[in-house]
Amino acid sequence: MRPGFGDATDSWRMEQIWGLYQQGIQFQNAQGWSDWWTFWRRVSGGLNEEQQEVILGDIAKYLHPGAMKNAKTFQRCKRQGLRSHGKALSQSGKPLCRR
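Source: prediction; values computed, not measured.

Caption draft 1: Geometry of the side chain of Gln-51. Position of Gln-51 relative to the elements: it lies in helix H3 (residues 49-63). The residues touching Gln-51, leaving out its near neighbours within four places in the chain, are Trp-18 and Gly-46.

Take a look at the structure:
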């Protein structure tokens, strides 16, 4: 299942599975978390912008923990887009947001 790659039923598939994200993970152990994020990584091509923002809001503190201490930094990183494991990069490749 790889929604977002051109199949006619992609939007329907994402409507069906987005409710799973809203419910949250059911088995909170190491294997459960691994399976949870592997699943969402695989279907991420079908997420719309709003859904991506919801997930980013939930995991930003893990991607860029220092940004959560400063709301301005967090918002700037969010606007610029988190790349390279949470480091927002400018076009020159220099970090926009530092830890």
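The structure having been displayed, the exposition proceeds.
Caption draft 2: Seen up close, the confidence of the model for the protein chain. Averaged over all residues, the pLDDT of the protein chain is 76; the fraction at 70 or higher stands at 65%. At the level of individual helices and strands, the protein chain shows its lowest average pLDDT in helix H4 (residues 71-80), which scores 68, and its highest in helix H2 (residues 30-43), which scores 90. Note on residues 83-92: pLDDT is under 50 here. Beyond four places in sequence and across chains, it has 18 contacts.

Caption draft 3: View of helix H1 (residues 10-23). When the terminal C-alpha atoms of H1 are compared, their 21 Å separation across 14 residues agrees well with the 20 Å that a helix rising 1.5 Å per residue should span. Along its length, H1 reaches its greatest deviation from straightness, about 30 degrees, at Gln-16. When H1 is considered as a whole, its buried residues turn out to be Asp-10, Met-14, Ile-17, Trp-18 and Tyr-21. Along its buried surface, H1 packs onto H2 and H3. Downstream of H1 by a residue or two, Gly-24 has a phi angle that is positive, lying close to 85 degrees.

Caption draft 4: Structural detail: the nonpolar core. Counting residues in each nonpolar core, the largest one holds 10 residues, listed as Met-14, Ile-17, Trp-18, Tyr-21, Ile-25, Trp-36, Trp-40, Val-43, Leu-47 and Ile-55. Mapped onto this core, the elements with two or more residues apiece are H1 and H2.

Caption draft 5: Here's a closer look at the environment of Asp-10. Note that Asp-10 resides in helix H1. The exposure class assigned to Asp-10 is buried, which follows from its relative accessible area of 9%.

Caption draft 6: Representation of the packing of H1 against H2 in the model. Two numbers describe how H1 lies on H2: the axes approach to 12 Å, and their chain directions differ by 150 degrees. Relative to H2, H1 is oriented roughly antiparallel. Considering only the axes of H1 and H2, their crossing is left-handed. Only Trp-36, Trp-37, Phe-39, Trp-40 and Val-43 of H2 make contact with H1, whose side of the interface consists of Met-14, Ile-17, Trp-18, Leu-20 and Tyr-21. A breakdown of the residues in the contact of H1 with H2 according to their chemical character gives 10 nonpolar, no polar and no charged.

Caption draft 7: View of the packing of aromatic side chains. Taken as a whole and assessed by the stated rule, the structure comprises eight aromatic pairs. Seen in terms of ring centroids, Trp-36 and Trp-37 are 6.4 Å apart; in terms of plane orientation they differ by 80 degrees. Their pairing is edge-to-face. Each residue in the set Trp-18, Tyr-21, Trp-36, Trp-37, Phe-39 and Trp-40 is aromatic and connected to the rest through ring pairs, giving one cluster.

About the cut-offs
In this convention, every chain numbers its residues from 1, walking through the sequence in written order. Residue-level local features of this predicted model are given only where pLDDT is at least 70; pairs of side-chain atoms are given and counted only at 80 or more, and the full residue set underlies all totals for whole chains, interfaces and linings. The side-chain values count all of the structure's non-hydrogen atoms but skip hydrogen atoms and water molecules. A helix here means a DSSP run of H or I that spans at least four residues, while a strand means a run of E at least two residues long, and both kinds are numbered starting from the N terminus. Contacts: residue pairs with any heavy atoms within 4.5 Å of one another. For every residue, the predictor reports its confidence as pLDDT, a number between 0 and 100. Helices are assigned an expected span. That span is 1.5 Å times one less than the residue count. Two axes are fitted around each residue, one to the seven residues ending there and one to the seven starting there, and the angle between them is reported as the bend at that residue. Relative accessible area decides the class of each residue, using a 1.4 Å probe on protein chains only: under 20% of the type maximum gives buried, over 50% gives exposed, and in between gives partly exposed. Buried Ala, Val, Leu, Ile, Met, Phe, Trp, Tyr and Cys residues form a nonpolar core when they are joined through side-chain atoms within 4.5 Å. Orientation is described by lines fitted to C-alpha atoms, with helices fitted over the stretch in contact, and by angles between N-to-C directions that extend from 0 to 180 degrees. Relative orientations are named as follows: roughly parallel for angles under 35 degrees, roughly antiparallel for angles over 145 degrees, roughly perpendicular for angles from 65 to 115 degrees, and oblique for any other angle. Should the near helix be turned counterclockwise from the far one by less than a right angle, the crossing is left-handed, whereas a clockwise turn marks it as right-handed. Just so you know the grouping, Ala, Val, Leu, Ile, Met, Phe, Trp, Tyr, Cys and Pro go in nonpolar, Asp, Glu, Lys and Arg go in charged, and all remaining residues, Gly too, go in polar. Paired rings are identified among Phe, Tyr and Trp, the last through its six-membered ring, by centres lying within 6.5 Å, and are further divided according to the angle between planes into stacked (under 30 degrees), edge-to-face (over 60) and tilted (the rest).

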